[in-house]
Amino acid sequence: MKKALCPVCHSEGQNVLALTVKHLVREALRDTVNEMATYHLCLNPHCPVVYFDAFGKTLKKEDLKVPVWYKDGASPKYICYCSRVTEEEIRSAIHQGAKTLEDIQRMTGAGSKGSCLTENPSGRCCHREIAKILEKARRASPQSQ
Ligand SMILES: [Zn+2]
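All values reported here derive from a predicted model rather than from experimental measurement.

### Some remarks on the domain arrangement of the protein
Right, so step 1: Entries for the protein in the domain assignment read domain 1 (13–63) and domain 2 (78–144).
Right, so step 2: Taking only C-alpha atoms into account, the centre of domain 1 sits 24 Å from that of domain 2.
Right, so step 3: With ten residues of domain 1 at the interface, the matching set in domain 2 holds eight residues.
Right, so step 4: Between domain 1 and domain 2 lies a buried interface of about 660 Å² when both sides are counted; carbon and sulfur atoms form 61% of it.
Right, so step 5: Taken as a group, Q14, T20 and L24 account for 51% of the area that domain 1 buries against domain 2, more than any other trio of residues on that side.
Right, so step 6: In this assembly, domain 1 and domain 2 are joined by zero salt bridges.

Listed below in structure tokens is the structure:
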């Protein structure tokens with residue numbers, strides 16, 4: 001299969017369902033989303049493009065209803081979009097002793113609703129992102145284990 005490259009930054013995109021795109025773009029743009037098309041998510045934090053299709057059509061950060069957490073300037077930085085839990089809240093839970101994904105879920109409510117397909121810009125579950133934050137915190141303070 002041909003790789004899908006972002007028309008602006010030329011980095012490889014990740015497949016996203018049109019259903020996800022349709023839910024997250026601003027109301028005025030909803031009808032422009034082609035339900036039969038395959039969309040791709042640009043993973044480059046510095047690129048303004050969020051979604052692009054095979055024809056080079058793009059949807060940028062400002063075309064979405066929510067900030068995309070890993071993009072430059074995202075505020076707030078939601079990690080769990082279903083329960084609207086931010087990176088800051090997850091870090092603070094870790095600071096208060098959370099050591100596992102389960103601890104984070106219990107303390108913040110993150111990852112407990114499972115509406116990722118229509119709420120998360122990647123269309124995927126936030127568990128892996130939470131694991132990354134835990135891992136980063138663990139590396140930053142190894143003696144607290
Ligand atoms: Zn890009």
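Back to the write-up after that little detour.
### Here's the deal with the side chain of K22
Right, so step 1: Locating K22 in the fold gives a position in helix 1 (residues 18–24).
Right, so step 2: Overall, K22 belongs to the buried group, its relative accessible area being 18%.
Right, so step 3: Non-local contacts of K22, meaning those with residues more than four positions away in its chain, are made with R30, V33 and E35.

### Comments concerning the nonpolar core
Right, so step 1: By size, the foremost hydrophobic cluster in this structure holds 35 residues, and its most contacted members are V21, Y51, I90, I104 and I130.
Right, so step 2: Per-element accounting of this core gives the leading share, four residues, to helix 5 (residues 127–140).
Right, so step 3: Per-domain counts for this core show at least three residues from each of domain 1 (13–63) and domain 2 (78–144).

### Considerations on the coordination of the zinc ion
Tetrahedral coordination by four donors puts the ideal angle at the metal at 109.5 degrees, and octahedral coordination by six puts it at 90 or 180 degrees.
Right, so step 1: The protein atoms that coordinate the zinc ion are C6 (SG), C9 (SG), C42 (SG) and C47 (SG), at distances of 2.3 to 2.4 Å.
Right, so step 2: Taken together, the four donor atoms coordinating the zinc ion span angles of 100 to 117° at the metal, a pattern that classifies the geometry as tetrahedral.
Right, so step 3: Motif for the zinc ion, donor spacing along one chain: C-x2-C-x32-C-x4-C. In this pair, C6 sits in the segment before strand 1 (13–16) while C47 sits in the loop between strand 2 (39–42) and strand 3 (49–53), placing the two residues 41 residues apart along the sequence. Grouping residues by exposure puts C6 and C47 together as buried.

### Describing the pairing of strand 3
Right, so step 1: Of all the five residues making up strand 3, five are buried; the element is thus mostly covered by neighbouring parts of the structure.
Right, so step 2: Note: strand 2 against strand 3, three bridges, orientation antiparallel. Looking at the pairing, L41 lines up with Y51 of strand 3.
Right, so step 3: As consecutive antiparallel partners, strand 2 and strand 3 are separated by six residues.
Right, so step 4: Of the pairings in the sheet, the one linking strand 3 to strand 4 (residues 58–60) comprises three bridges and is antiparallel in character. Paired with F52 across the bridge in strand 4 is T58.
Right, so step 5: Once strand 3 ends, the chain turns through four residues before running back antiparallel as strand 4, passing G56 with a positive phi of about 85°.

### Some points on the pattern of salt bridges
Right, so step 1: One pass over the structure, following the stated rule, counts eight salt bridges.
Right, so step 2: A salt bridge links K22 to E35, with the nearest nitrogen and oxygen atoms 3.3 Å apart. In this pair, K22 sits in helix 1 while E35 sits in the loop between helix 1 and strand 2, placing the two residues 13 residues apart along the sequence.
Right, so step 3: Among the salt bridges present, the one from K132 reaches E129, with a minimum N-O distance of 3.2 Å. In this pair, K132 and E129 are both assigned in helix 5, three residues apart and thus about one turn of the helix distant.
Right, so step 4: Judged by its relative accessible area of 47%, K132 falls in the partly exposed class.
Right, so step 5: Judged by relative accessible area, which is 19%, E129 ranks as buried.
Right, so step 6: What you see here is one network of salt bridges that share partners, running through E27, R30 and K65.

Here is what the cut-offs are and how they apply
- Each chain has its residues counted from 1, following the order in which its sequence is written.
- Selection of residues for local features in this predicted model requires a pLDDT of at least 70, selection of side-chain atom pairs for listing and counting requires 80 or more, and totals for whole chains, interfaces and linings are taken over all residues.
- Water and hydrogen atoms were dropped before computing side-chain values, which therefore reflect all heavy atoms in the structure.
- The domain limits used here are those given by an automatic or database domain assignment.
- The contact definition used throughout considers only heavy atoms, calling two residues in contact when any of these lie within 4.5 Å.
- Summed over both partners, buried area is the accessible surface (1.4 Å probe) that two parts give up on being assembled.
- The rule for a salt bridge is simple: a side-chain nitrogen of Lys or Arg has to be within 4 Å of a carboxyl oxygen of Asp or Glu.
- Working definition: helices are DSSP H or I runs of at least four residues, strands are E runs of at least two. Numbering for both runs from the N terminus.
- Each residue is placed in one exposure class: buried if its accessible area under a 1.4 Å probe, protein chains only, is under 20% of its type's maximum, exposed if it is over 50%, and partly exposed if it falls in between.
- Definition used in this section: a nonpolar core is a set of buried Ala, Val, Leu, Ile, Met, Phe, Trp, Tyr and Cys residues joined via side-chain atoms within 4.5 Å.
- The donor definition counts N, O and S atoms within 2.8 Å of each metal and applies 3.2 Å to Na, K and Ca; water is not among these atoms, so some sites may look incomplete.
- In this scheme the shape depends on donor count and angles: four donors with every angle between 85 and 135 degrees give tetrahedral, four or six donors with opposite pairs above 155 degrees and others between 65 and 115 give square planar or octahedral in turn, and any other case is irregular.
- Should DSSP find at least two bridges between two strands, the strands are taken to pair.

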